[in-house]
Amino acid sequence: MNAPKDFRAMTAQSIGKDLLSALVTEIKLLPEPWQKLSEAKQNDIIDRLRARVEHNVGMAVHVLAAQGRATVVGDLEQIVIKDGVKATLKFSPAAPSLHELYEAQGKAVLVIVAAAADHTAGMDGVKGWKAWHEQQEAEGAEEGAE
């Protein structure tokens, strides 16, 4: 019997399409050309796109880090270092692949820290036209002063 595909794998397979679709949708929904939109409206659009990118990068990082292994996403609640290291992890009862973790009791497991934030640096610097234009002018003035 075939198990249902894990949603993370489906997201990783279609990350490019999903991001491109989000961009095209935003372009189609623009009430006016970008330069005519208020900075607030531009920033709203950028915020929606940023959220989409952060979500998709998170899914892609998770899938790439897993490298086809059974994975269960949880939170590290506590780590204690004494004679050895003891970690407490918390998982949702509905977490995909949780049954595989149950079956691994007494066996070696691999813990991977899959931090999507490591791959989204600089996204906060994307701003609406006015803020971006002012930033470019300021950077140009700094370069001229050197």
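Now for a quick tour of the structure. From a predicted model like this one, the values you see are computed outputs, not experimental measurements.

**Examining the pairing of strand E2 (residues 85–91)**
Okay, so step 1: In this sheet, E2 lies alongside strand E1 (residues 74–81) in antiparallel orientation, the contact comprising 7 bridges. Within the sheet, the bridge partner assigned to Val 80 lies in E2 and is Lys 86.
Okay, so step 2: Linking two consecutive strands that pair antiparallel, namely E1 and E2, is a turn of 3 residues.

**Let's talk about a nonpolar patch on the surface**
Okay, so step 1: A cluster of nonpolar side chains, namely Leu 76, Ile 79, Ile 81, Val 85, Leu 89, Leu 101, Val 109 and Val 111, defines an oily patch on the protein surface of about 770 Å² accessible area.
Okay, so step 2: At the level of elements, E1 and E2 are the ones that each hand at least two residues to the nonpolar patch.
Okay, so step 3: Counting residues per element, the nonpolar patch draws most heavily on E1, at 3 residues.
Okay, so step 4: Along the chain, the position of Leu 76 falls in strand E1.

**Considerations on helix H3 (residues 39–66)**
Okay, so step 1: Helix length check: H3 (28 residues) gives 40 Å between terminal C-alpha atoms against 40 Å at 1.5 Å per residue, within 8%.
Okay, so step 2: Gln 67 sits one or two residues past H3 and shows a positive phi near 45°.

Rules used throughout
- Residues numbered from 1 in each chain as written.
- Predicted model: local features only at pLDDT ≥ 70, side-chain atom pairs only at ≥ 80, totals over all residues.
- Heavy atoms only, no water.
- Pairing = 2+ DSSP bridges.
- Helix = DSSP H or I, 4+ residues; strand = E, 2+ residues; numbered from the N terminus.
- Patch = residues over 30% accessible without salt bridge, like charges linked within 9 Å, V, L, I, M, F, W, Y side chains within 5 Å.
- Areas by Shrake-Rupley, 256 points an atom, 1.4 Å probe, with all protein chains shown as cover.
- Salt bridge = Lys/Arg side-chain N within 4 Å of Asp/Glu carboxyl O.
- Expected span 1.5 Å × (residues − 1).

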